[in-house]
Each structure stands twice: as structure tokens, then as C-alpha cells.
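Single-letter residue listing:
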Amino acid sequence: MKKKIMTVFGTRPEAIKMAPVVKQLIADEQTTPITVVTGQHREMLKQVLDIFQIKPDYDLSIMEKNQSLEQITSKVLLGLAPILQREQPDLVLVHGDTTTTMAASLSAFYHHVPIGHVEAGLRTWNLASPFPEEANRQLTDDLSSIYFAPTELSRENLLKEHHSADRIYVTGNTAIDVLKYTINHEYHHQVLDQIPADHRIILLTMHRRENQGVPMANVFRAIREVAQADPHLDIIYPVHLSPKVQEVARQAFAGAPNVHLIDPLDVIDFHNLAARSYFIMTDSGGVQEEAPALNKPVLVLRNTTERPEGVDAGTLKLVGTQSADVRQAMLTLLNDDQEYQRMATARNPYGDGHAAERIVEHCKEFLTKDIM
Ligand code: UD1
Ligand code: UDP
């Protein structure tokens, strides 16, 4: 009998990295996929669903402007309950570490449905950073029955927490699968085409809750100064729709002619812009995984990362959020060609682009063996 596998996701990064899994489930004749979106993000989720032509079976549409973590959690729990009741899935798949992820896991647990965690085992071991994601992923792993660890290191993290070895699979990260859909070497964009050939593009994203306020203002001050001193630089910043981020960004970069604040890009535009950039500055999780595969150095605007594989490989540099450190790191990458080349030619540690195939095979195996 076909196995019913329900995927639940709600934010931009979950949607991007679950899209290859959803596609694989749809293509697989032995599974019946059910796609549920919580709508924790609205516009940024829609961008992804449109690009991948995913039509959810259920949309909880929970987004409200500036809503609290409690609101997200309770709306996901209450919204999923009747769907789980009606659909009675064999397995629920969640992704990563958002509040949708954690609440959907709790909901599946309450309904006695086993959980498969995609991108399991990432850790900083610091509950304050990233907040609340570190708690979300630890809680999700506590409730899960089967783990899709993107790397060997994430597998080791799960073993340290005594999750059973025969339930953990190292699959690679589905973020790398997505690049096969998006990167196009013939890509052109009318705005990008207007940037003179002798200008260097720095792609910037920053949104984390623990960075909102002073840390963001410090980072933006450094970037503004470096940009002001070098008219051959173009900083492109697709600003997250969170009002708290919008406010700091608009204030910090007002009147800076070569810092371009734009709306969030769809994932095709974003990946191809990343591929055209000189380097990337970000506090995003997903961008830290994509950049090594695109041979782009990344200055990580955080003090900790759950993705140390990229730091060890040499592509990612943790620079924190102090203005002086950020300024120095930017100047080094702009002026020291040897250091630039070292970071730009590092190996991608996040997989071979076939993670989704492995994940679906392991799900079927798990459900056939019925080893819950
Ligand atoms: C969430 C995740 C974070 C993830 C990030 C990816 C939690 C607690 N945080 O953070 O782990 O890294 O998504 O982007 O789950 N908004 C819109 N339109 C959108 C999206 C957001 O207007 O399409 C605004 C809304 O006012 C919303 C606010 O942004 O209330 C914050 O969104 P929320 O999902 O709570 O947190 P993020 O900071 O986006
Ligand atoms: N991304 C995008 N458009 C943008 C900025 C980012 O499509 O304007 C993609 C990016 O390629 C990555 C994902 O969104 O796949 C990362 O999402 P985000 O930074 O919001 O969340 P995080 O990964 O930090 O949880």
C-alpha cells in the first residue's frame, strides 16, 4: 500500500530546502504526498511555491505582522490538529529549526505520527544563539523518529545526544539540490546588466532575531563606511520583510548611493545574483550552505555558527557584529587577493545535490520496516 507522507513547512528557507523533497515525493509512485504550509511567511513563501510550482493541499495562513513566537506556535498547533486527524499520515516531514518546525513536530507527536527531521543535528549548543532556532532544532530532534543529517558532523551531534545510530542518515543538504534548478550560466537581469563591469558586487542579507537592533546597526555602519570609500563597490541588500529589520536597514543606509536596498528576491534571482557577486555577507543559515557550492567567500555576521563545516573548509569566516571587525574583514577580502582566492576555491562540504532522493528512499525504507 502507498505510504502517506506529509511535509509541513512555513518560511522561505524551509520551503526552498523542502521543495526538492516535495518534488521527489510527487514523482515517487510508492508514496502519497500531502503538502501543508503554515504560512508563517506570506510573500516570501509564495515566491518559493510559485517558482517550484508547488500547490499546497493545506495552507494555515497564520502570518500576522510582527507576530510573537507564542502566536506562531499556538496557531500551528491548533491549525494542524484537524488536518492530522483527517489525513492520518504515516510520517510527517519537517525541516530545520523554525517555530513552524518545532510546533509541527509537537503536533505530530501529539497525534502519534512519527516525524522525519530534514536537516537534523545542526548545533551551536548555545540556546541564546541563534534564538530561538537552537531550541527549536533540539526539541524537534527529541521528538523525531528518523533523522536526515546533512553532514557527518551533524550525525555526530545527534549521536552525542544518544539518538539511535540506525535512525540517522547522512544525506547531504537539500540546499545543494536546489542549485540544480536555479543556477543558469546564461542568466541576465536588466538591473544587474547596468552595473559597470569594473564594479564589485557584495551581496548582503541579515535578519536574525538576536542581531536585530544594535548588532545590525553596528554591522551596517561598517558596511556604509567601506561602501562610501569605494565607489566601485555595489552592495546589494534584499531586505527581509520583518518590520524590525526593515526599520534598521532603511535608517542605516539612507542616502548611501552604492548600497541598494531591494525587496526579497525570488530564489532564482537570488542564487544567480550570489553567483555574480564578489563575496557575500550574511547571518542567514541557508546562504552559508549555498555559497561554498558557488565558490563565494562569506563573511558570517554572527558569533557562532551551526555550520562549522564551511568554516573548516575555508569558505566561511565568522566575523561577528562589531563594526571594526566587520570593516577589517571586508577590507581584507577586497584587497588581499591571496586570501580571497583561498576562500573562493574551498571545497563545498554540504553535499552532492542528491539529498532529496536519499531522503525519500530512507523514508520508504523506514515505513516498510515499520521500525517506529
Ligand atoms: C523566521 C524564522 C527563522 C528563519 C527566518 C527565515 C522563527 C522564529 N524564525 O524568522 O528561523 O531564519 O524565518 O527568513 O521561526 N514578514 C512578512 N512577510 C513575509 C515574511 C515575514 O511581512 O513573507 C514579516 C511579518 O511581519 C512577520 C515578521 O516578518 O511577523 C517576522 O516573521 P517571523 O516568521 O516571525 O520571523 P523571521 O524573523 O522571519
Ligand atoms: N533567499 C532568497 N531571496 C532573498 C534572500 C535569500 O531566495 O532575497 C534564499 C537563500 O538563497 C536561501 C534562503 O533564502 O536559500 C535563506 O533564507 P533566510 O536567510 O531567510 O533564512 P535562514 O536560512 O537564515 O533560516
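Cut-offs and rules
Residues numbered from 1 in each chain as written. Chains lettered and ligands numbered in written order. Predicted model: local features only at pLDDT ≥ 70, side-chain atom pairs only at ≥ 80, totals over all residues. Heavy atoms only, no water. Salt bridge = Lys/Arg side-chain N within 4 Å of Asp/Glu carboxyl O. Helix = DSSP H or I, 4+ residues; strand = E, 2+ residues; numbered from the N terminus. Near = heavy atom within 4 Å. Polar contact = N/O pair within 3.5 Å; in protein donor to acceptor, adjacent residues only side chain to side chain. Areas by Shrake-Rupley, 256 points an atom, 1.4 Å probe, with all protein chains shown as cover. Nonpolar A, V, L, I, M, F, W, Y, C, P; charged D, E, K, R; others polar. Buried < 20%, exposed > 50% of the residue type's maximum accessible area, 1.4 Å probe, protein only. Lys, Arg positive; Asp, Glu negative; His and termini not counted. Contact = heavy atoms within 4.5 Å. Axes fitted to C-alpha atoms, helices over the stretch in contact; angles between N-to-C directions. Parallel < 35°, antiparallel > 145°, perpendicular 65-115°, else oblique. Left-handed = near helix turned anticlockwise from the far one by under 90°. Expected span 1.5 Å × (residues − 1). Pairing = 2+ DSSP bridges.

Tell me about the pattern of salt bridges, and name the residues and values.
In a structure, side chains of opposite charge can pair up when their charged atoms sit close to one another. In the structure shown here, the tally under the stated rule is 24 salt bridges. Note that R123 is salt-bridged to D141, the shortest N-O span being 2.9 Å. Of the two residues, R123 sits in the loop between β5 (115-118) and α5 (133-143) while D141 sits in helix α5, which places them 18 residues apart along the sequence. Residues K317 and E339 are paired through a salt bridge, measuring 3.0 Å at the closest nitrogen-oxygen approach.

Give a detailed account of the site of ligand 2, specifying residues and quantitative values.
L265, S284, G285, G286 and E290 are the nearest of the 17 residues found near ligand 2. Backbone polar atom of G285 to an oxygen atom of ligand 2: 2.8 Å apart, as the coordinates give it. Contact with the protein chains hides 96% of the accessible area of ligand 2, taken as 540 Å² for the molecule alone. Contributing elements (two or more residues each) for the shell around ligand 2: α1 (12-27), α11 (267-276) and α12 (285-293). With four residues, α12 is the single largest residue contributor to the shell around ligand 2. Split into classes, the residues belonging to the shell around ligand 2 amount to eight nonpolar, five polar and four charged.

Could you give me a rundown of the side chain of E14, with the residues and numbers involved?
Mapping E14 onto the fold places it in helix α1. Notably, E14 is buried but unbridged: the nearest opposite-charge side chain belongs to K17, and the N-O separation is 10 Å. Among the polar contacts made by the side chain of E14, one reaches the main-chain amide nitrogen of G10 at a distance of 3.3 Å. Once residues within four sequence positions are removed from consideration, E14 is found in contact with V8, F9, H95, T98, T100 and T101.

A description of the packing of α1 against helix α16 (residues 355-369) should follow, citing residues and the corresponding values.
Contact pair α1 / α16: the axes reach a minimum separation of 9 Å and the direction vectors enclose 55°. One finds that α1 runs oblique with respect to α16. Between α1 and α16 the crossing geometry is right-handed. Between α1, through P20, V21, Q24 and L25, and α16, the contact on the second element is made entirely by A356, E357, I359 and V360. For the contact of α1 with α16, the per-class residue count stands at six nonpolar, one polar and one charged.

Would you mind going over the side chain of T315 in detail, with residue names and values included?
Secondary-structure assignment places T315 in the loop between α13 (308-313) and β13 (316-318). Look at T315 and you get buried, because its relative accessible area is 1%. Apart from residues lying up to four places away in sequence, T315 is in contact with A291, P292, K296, P297, V298, G310, M343, A346 and R347.

Please set out α16 residue by residue, giving values where relevant.
Helix length check: α16, at 15 residues, gives a terminal C-alpha distance of 21 Å against a target of 21 Å (1.5 Å per residue), a fit within 8%. Inspection of α16 places A355, A356, I359, V360, H362, C363, K364, F366 and L367 among the buried residues, and these make up the whole buried set.

Describe unusual backbone geometry, listing the residues and the values that go with them.
Peptide bonds are mostly trans, and most non-glycine residues show a negative phi. Note that the residue after S129, namely P130, is joined by a cis bond; omega there is -5°. Relative to the helices and strands, P130 is located in the loop between β5 and α5. A cis amide bond, omega 0°, links F131 with the succeeding residue P132. Positionally, P132 belongs in the loop between β5 and α5. For Q53, which is not glycine, the phi torsion reads 50° and is therefore positive. Mapped onto the secondary structure, Q53 falls in the loop between α2 (43-52) and β3 (58-59). Within the chain, E119 stands out as a residue other than glycine whose phi angle is a positive 70°. Within the fold, E119 resides in the loop between β5 and α5.

Talk me through the sheet that holds strand β9 (residues 233-238); I want residue IDs and the actual numbers.
In spatial order, the strands read β10-β9-β8-β11-β12-β13; together these six strands make up an open sheet with parallel pairing. Across the chains shown, the open sheet's two edge strands, defined by having one partner strand only, are β10 (259-262) and β13. Within the sheet, the average angular offset between the axes of one strand and its neighbour, ignoring direction, is 20°. Looking at chain direction, strand β11 (residues 279-282) and strand β12 (residues 298-300) are connected through three bridges and run parallel. By the bridge assignment, T282 is partnered in β12 with V300. Here α11 sits on the sheet in contact with β8 (200-205), β9 and β11, set at roughly 135° to β8.

This is a description of form; function is not addressed.
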